[in-house]
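# Per-entry structural report
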Amino acid sequence: MLDNPEDGSWQSGSMSAQELVLRQRTEILHALCSSRSSEILERVLDMLLARGTLVWEDYQNIQISEAQKAGLSFGAYSSDPELTEAPCGASATQTLLTERPGLVSKLRGCIDGALHVLVESGSFTSTDCDEVQLPIFTPSQQARHLLDHVRSKGEAAARVLLQYILQNQEHASHLNQETWTPTEDCFKYKKKLSSSVAVQSCFLSTYGGTSNMTLDDIYTESQLELAHDCADVLGSLSLEDLVGIVGTLNEDADTVLVSGEAGCGKSTLLQRLHLLWAQGAALQDFFLLFPFSCRRLNSEHRELSVQELLFHHCCWPDREQDQIFQFILDHPHLILFTFDGLDELKQNFSDEHRHCCPTQRAPVPILLFNLLQGSLMKGVRKVVTSRPEAVGPALKKYLRKEVHLKGFSPSGIDCFVRKHHSDPAVAARVLESLQTNTALLGLCHTPVLCWIVSQCHKELLGCGEGSPQTITDVYLMILQHFFQHQNPQKTLRIGWMQEHLNTALHLGLLAFKGIGNSCYIFSDTDLQTCGVTEEDICMGFLIHSKDISSNSCKRLEFLHVTMQCFFAALYIVLNSAMDRSAIAKLFGLQGMSQTGMSSTCFMACLPSTVQPELALEGEAIAVETANLQITATFVSGLLSQRYRGLLLHCCSSSTIDRKIRQVARCLSKRMQKHFKSISQPVEGEKKSMHAMPAFVWLIKCIYEMQESRLAQDIMSKLDVQHLKLTYCNIGPVECTALAYVLQHLKSPVGLQLDYNSVGDVGVEQLLPCMHVCNSLYLRNNNISDEGICKLIAKVIHCDNFQKIALFNNKLTDACTQHFSRLLKTKQNFLALRLGNNNITAEGAKQLAEGLQCNQSLQYLGLWGNKIGDTGAEALARALMGNKSLLWLSLVENGVGNAGACALADIVKNSTTLEELCLTKNYITRTGVECLIQALKHNTHVKSVWLKSNELSVEEVEEMTQRESRLIF
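What you are looking at is a predicted structure, and each value in this text was computed from that prediction instead of being measured. Each residue is numbered by its place in its chain's sequence as written, counting from 1. Totals for whole chains, interfaces and linings use every residue, but because this is a predicted model, local features are given only for residues with pLDDT of at least 70 and side-chain atom pairs only at 80 or more, for both listing and counting. Computation of side-chain values: all heavy atoms of the structure, hydrogens and water removed.

Take the overall build of the protein next. Think of it this way: any DSSP run of H or I at least four residues long counts as a helix, any run of E at least two long counts as a strand, and we number them from the N terminus. Helix and strand counts for the protein come out as 48 helices and 25 strands. Three exposure classes are used, based on accessible area relative to the maximum for each residue type with a 1.4 Å probe and protein chains only: buried under 20%, partly exposed in between, and exposed over 50%. Counting only residues that meet the buried cut, the protein has 57% of its 968 residues in that class. Taking all contacts inside the protein whose residues are at least 6 apart in sequence as the whole, residues at least 24 apart take part in 77%. Methods summary: accessible areas were calculated by the Shrake-Rupley approach with a probe of 1.4 Å, and residue burial reflects only the protein chains presented. Entry remark: accessible area of the protein is about 40700 Å², with carbon and sulfur atoms responsible for 50%. Contacts: residue pairs with any heavy atoms within 4.5 Å of one another.

In structure tokens, the structure reads:
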């Protein structure tokens, strides 16, 4: 949170910790309060109280003032004067304060028992119990309120509570292992449910439902990462981690969110989770698992109880339904619910309608929302998938944790392609083709695109230099593949689109209307309305939906939601009768807000003959902006000059040219709106643009058009020195588009891509724009030595390139030879930050060789590596005559006295060094004495950080008095 790309470490400045906190006050408050839940802030206050940093009056003042500012709901803790006057010498009452964080955790699940003991002992009255158990309090707030009440009652009450907690802990292990014995009917129901889940999950539908692969044979792990930093987690999470304790932020919550972009494999991940449970291979802590599809829940218009929802939509018990449901109610911790595709639910998440009774009927969306927030079935674990943009603060405050699904890794692509092809020779040829086309390789990080590329291997291997570069290229390839599949003996001609125009328009209208109504499952009536024939269905783009309503007729859905968006785009481009304002409305420039588009406006895009039919569908439904953006991306790609010849067989030249001009004009205007929103910089700071995801979408649209003049014209209007794209879901695909557009910038910029999914392939895709980058920030991007090798080979020849930050990646000693070469070659290079990687003493020695030849570097950050004394000594020797370095960080590197003494020589002799950071090492008094002696000879050095080393409190006090520039 406190990291600054220009500082590299929170310690990097001469400011005190207090000054740093004051400077970052806004950011800290946002981090503590942005979830709209007070729990994180209250935990921080617990720790400050326990350590004596806060007195009780300050604690209450913070609660009142910050709750009012942030709109948070705290427990209304007592302000009784007796509470603040609790005798400090009384061990029991003092323990309640000093052990407060741990006691809150221990009491949270046993408030009733604690109150019962306190009442029996005479310490509490019924009124006291009522005040603690107010329904507006969360379990954690009730625990805090209980502790505060007990402290106000004095020493006797505190001893009673502590004794109860101790006894409760002694019995906890026994209670946790307490045997539960389901009835025979429960076991029979589990067997039936497992069988049903296995049948639904064992096959992965691939080609139009006519060819099936078992999930066990084709499933490939995707990259699953926590949405927040967690020191205990390295690398990707497992499926078991989803419902485990790893990364838990809110222990009171039951809902785990798996978020990811369209096509990243969310549904397949849940399918795998279901199958492993049904096979008894994983998640066996859960006796019953109930899978739901939000797409199919849309078709349920009846009001249901929770019991009816479970049994009607998942698996009906043959007998004793009430007994089985009672078992579920009595053992919530043994139950798992999964909800796939929350973003496809027609209603937005809301917590306005509370529903607490599992036997009372309510509309399905209200049931779902109350299940997710915990008003219903508290204790049941829920896993829900969604695209990121569909999850707002209203839901996030009820999350136990959030994880991001980031698609395939490079090894995952390799694994998937080899699994997809039974012939190893074919798989090898496909992979070889991908390696020669890095743009296509980048696309394959998205599982649905990797499937298309694998499926279309014949088209891919036969296209020569015309290999796909854009997402539109890939979807046109699958379109061609499906058309060819219907008549394998006939070779598709140049005008193949014209031959299948009716199918494209029929399916396009179906897709277009579906997008406009947030509809993804289609009935026979829907098909007839759009003119979809049996021949169109046989093409394979539509598959049978596994509808959960037993009494419903067979329904169809597109192979994937992105396929539906592609056909909607085809309809917009190929339909000559489309309203002239359709494209402007699609890009959000006419009659729509920038945050969303209404179905009413979307319907206006249709020909007048179709509008009345849509108008009968009922009230206007909020159209998902994300799907419209995907559709607009495909429209941009289809209207590229590359496909002009293909389209001319279907549309007039004037129609195509008009639509191309419209798209170009829309993209230009939308980008200019972003540019105009850039605020003027504070004096002394760089002019910076903090881009939002919509900006990235527009960049992708420009790339899909493949019009360099358009990109050049748009970028000529962007005047910033720093472009910040943190937390924007930037992967290899986005990197390709960014490089294509940013290379046309008129002046160099700093490009900040921290906390994304760039990876090695993404780094390679960024290379074309490195000549306009003066600094590059790639924190937390899963980059390895392979990516760095290619990056350095490029930037070493870029005159503007001066700074790089690569905190928290997967770098080893193998990358340091490349950085050494960079330091030797570029004598205008200013900052190298490689914190929290896996660099050892050998890597430090490699860097030292480059440092000996460099006289420009000002900032060197190696915190969180493993260079030890040997590495520190090598760096010290290399920097002995350096006349440029201002800041050096070797925090948490296993440096001891030998390293400290070697670095002391730099401190003594350097004419430029201002700050040396040696926090969290193994330096004792001997090493610090060397640094003190060195500082006597150098007044230029401002500070030497030595927090958390091997020093006693007395030694710290003494040395601080002797040298004020030592910071402990």
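Mapping Ala278 onto the fold places it in helix 15 (residues 266-278). Along the primary structure Ala278 and Ser194 are separated by 84 residues, whereas in three dimensions their C-alpha atoms are 4.6 Å apart. Among all residues touching Ala278, those that are not within four sequence positions of it are Ser194, Val197 and Ala198.

Examined against the element boundaries, Asn756 turns out to sit in the loop between strand 17 (749-752) and helix 41 (759-766). Contacts described as polar in this section are N or O atom pairs within 3.5 Å, which, within protein, must combine one atom able to donate a hydrogen with one able to accept it, while residues neighboring in sequence count only if both atoms come from side chains. Within polar-contact distance, the side chain of Asn756 engages the backbone nitrogen of Cys728 at 3.0 Å.

Grid points spaced at 1 Å and placed over the protein atoms alone form the basis of the search, with a cavity being a set where a 1.4 Å probe fits but cannot get out and a pocket an open set showing protein on both sides within 12 Å along at least five of seven lines. Lining residues have an atom within 4 Å of a point. Grid points are joined across faces, edges and corners, and a volume is the space filled by probe spheres set on the points. A full pass over the atoms with the stated rule returns one cavity of 30 Å³ or more. Roughly 50 Å³ of internal volume is contained in the largest cavity. Ala439, Leu443, Gln469, Thr470, Ile471, Tyr703, Glu704, Val733 and Thr736 are the residues that line the largest cavity. Taken together, the elements giving at least two residues each to the lining of the largest cavity come down to helix 23 (438-443), helix 38 (693-705) and helix 40 (732-742). For this classification, Asp, Glu, Lys and Arg are treated as charged, while Ala, Val, Leu, Ile, Met, Phe, Trp, Tyr, Cys and Pro are nonpolar and the rest, including Gly, are polar. Each residue belonging to the lining of the largest cavity can be placed in one class, and the counts come to five nonpolar, three polar and one charged.

Salt bridges are defined as contacts in which a side-chain nitrogen from Lys or Arg sits within 4 Å of a carboxyl oxygen from Asp or Glu. Considering all chains together, one arrives at 33 salt bridges under this definition. Measuring nitrogen to oxygen at the nearest pair gives 3.5 Å for the salt bridge that ties Glu402 to Lys396. Residue classification places Lys396 among the partly exposed residues on the basis of a relative accessible area of 37%. Via salt bridges that share partners, Arg925, Glu929, Glu955, Glu958 and Arg962 belong to a single interconnected network.

The next thing to look at is the pairing of strand 18 (residues 773-777). Burial analysis of strand 18 places five of its five residues in the buried class, the great majority of the element. The sheet contact formed by strand 17 and strand 18 spans four bridges and is parallel. Paired with Gln752 across the bridge in strand 18 is Tyr777. Handedness is read with the strands pointing away from the viewer; a crossover is right-handed when the path from the first strand over the helix to the second is clockwise. Read from strand 17 through helix 41 to strand 18, the crossover connection turns out right-handed. Strands pair, by our definition, only if DSSP identifies at least two bridges between them. In the sheet, strand 18 pairs with strand 19 (residues 803-805) via three bridges, with the strands oriented parallel.

Attention now goes to the side chain of Gln271. One can find Gln271 in helix 15. Reaching out from Gln271, the side chain makes a polar contact with the backbone oxygen of Ser201 at a distance of 2.9 Å. Once residues within four sequence positions are removed from consideration, Gln271 is found in contact with Gln200, Ser201, Phe203, Leu204 and Leu215.

For the rest of this paragraph, the subject is the sheet that holds strand 4 (residues 255-259). With respect to topology, six strands assemble into an open sheet ordered 3-10-4-9-7-5, the strand pairing being mixed. For this open sheet the edge positions go to strand 3 (224-226) and strand 5 (288-293), each flanked by a neighbour on one side alone. Ignoring strand direction, the axes of neighbouring strands in this sheet form an average angle of 20 degrees. Where strand 4 lies against strand 10 (residues 399-405), five bridges are found, and the strand directions are parallel. Looking across to strand 10, one finds that Val256 is bridged to Lys401. Fitted lines through C-alpha atoms give the axes, limited to the stretch in contact for helices. The angle between two N-to-C directions lies from 0 to 180 degrees. Together, strand 4, strand 7 (335-340) and strand 9 (381-386) form the strand contacts of helix 19 (residues 364-373), whose direction differs from that of strand 7 by roughly 125 degrees.

On to the packing of aromatic side chains, then. How two aromatic rings sit relative to each other is given by the distance of their centres and the angle of their planes. Each pair of aromatic rings taken from Phe, Tyr and Trp, with Trp reduced to its six-membered ring, is defined by centres within 6.5 Å and is described as stacked if the planes are under 30 degrees apart, edge-to-face if over 60, and tilted in the remaining cases. A complete count under the given rule lists 28 aromatic pairs for this structure. Pairing Phe541 with Phe567 gives two aromatic rings, centres 4.8 Å apart and planes at 70 degrees, and the pair type is edge-to-face. Of this pair, Phe541 sits in the loop between helix 30 (534-538) and strand 11 (542-544) while Phe567 sits in helix 31 (residues 561-574); the two residues are 26 residues apart in sequence, bridging distant segments of the chain. In this structure Phe541 comes out as buried when scored by relative accessible area, which is 0%. A residue is classified by how much of its surface remains accessible, and Phe567, at 0% relative accessible area, is buried. Measuring from centroid to centroid gives 5.7 Å for Phe807 and Trp863, while their planes differ by 35 degrees, and the two rings are tilted. Of this pair, Phe807 sits in the loop between strand 19 and helix 43 (816-825) while Trp863 is found in the loop between strand 21 (859-861) and helix 45 (868-878), placing the two residues 56 residues apart along the sequence. Grouping residues by exposure puts Phe807 and Trp863 together as buried. An aromatic cluster is present here, built from Tyr475, Phe482, Phe483, Trp496, Phe522, Phe541, Phe558, Phe566, Phe567 and Phe634 joined pairwise through their rings.

It is worth spelling out unusual backbone geometry at this point. Excluding glycine, residues mostly carry a negative phi; peptide bonds, for their part, are mostly trans. A positive phi angle, close to 55 degrees, is found at Leu283, a residue other than glycine. Checked against the element boundaries, Leu283 lands in the loop between helix 15 and strand 5. A relative accessible area of 4% means that Leu283 is categorised as buried. In this structure, Asn808 takes a positive phi of about 55 degrees despite not being glycine.

Turning to helix 39 (residues 708-715), its buried residues number three or more, namely Leu710, Ala711, Ile714 and Met715. Buried residues along helix 39 cover an arc of 120 degrees about the axis, so they all sit on one side. Tucked inside the fold, the buried residues of helix 39 contact helix 37 (653-676), helix 38 and helix 40. What the arc measures is the spread of directions leading from the helix axis to the C-beta atoms.

What follows deals with the sheet that holds strand 20 (residues 831-833). In space, the eleven strands of this open sheet follow the order 15-16-17-18-19-20-21-22-23-24-25, with parallel pairing throughout. Since the sheet does not close on itself, it has two edges, and those belong to strand 15 (688-690) and strand 25 (966-967), each with one partner. Pairing analysis gives three bridges linking strand 15 to strand 16 (residues 722-724), with the strands arranged parallel. By the bridge assignment, Ser688 is partnered in strand 16 with His722.

Attention now moves to the packing of helix 37 against helix 39. Look at helix 37 against helix 39: their axes get within 10 Å of each other, and the N-to-C directions meet at 25 degrees. One element, helix 37, and the other, helix 39, form an angle in the roughly parallel class. Every pair of crossing elements has a handedness; the one defined by helix 37 and helix 39 is right-handed. Within the contact between the two elements, helix 37 uses Ala664, Leu667, Ser668, Met671 and Phe675 and helix 39 uses Leu710, Asp713, Ile714 and Met715. Orientation is classified from the angle alone, with under 35 degrees giving roughly parallel, over 145 giving roughly antiparallel, 65 to 115 giving roughly perpendicular, and any other angle giving oblique. Crossing handedness follows the turn of the near helix against the far one: under a right angle anticlockwise gives a left-handed crossing, and clockwise gives a right-handed one.

Remember, this is a structural readout, not a statement about activity or role.
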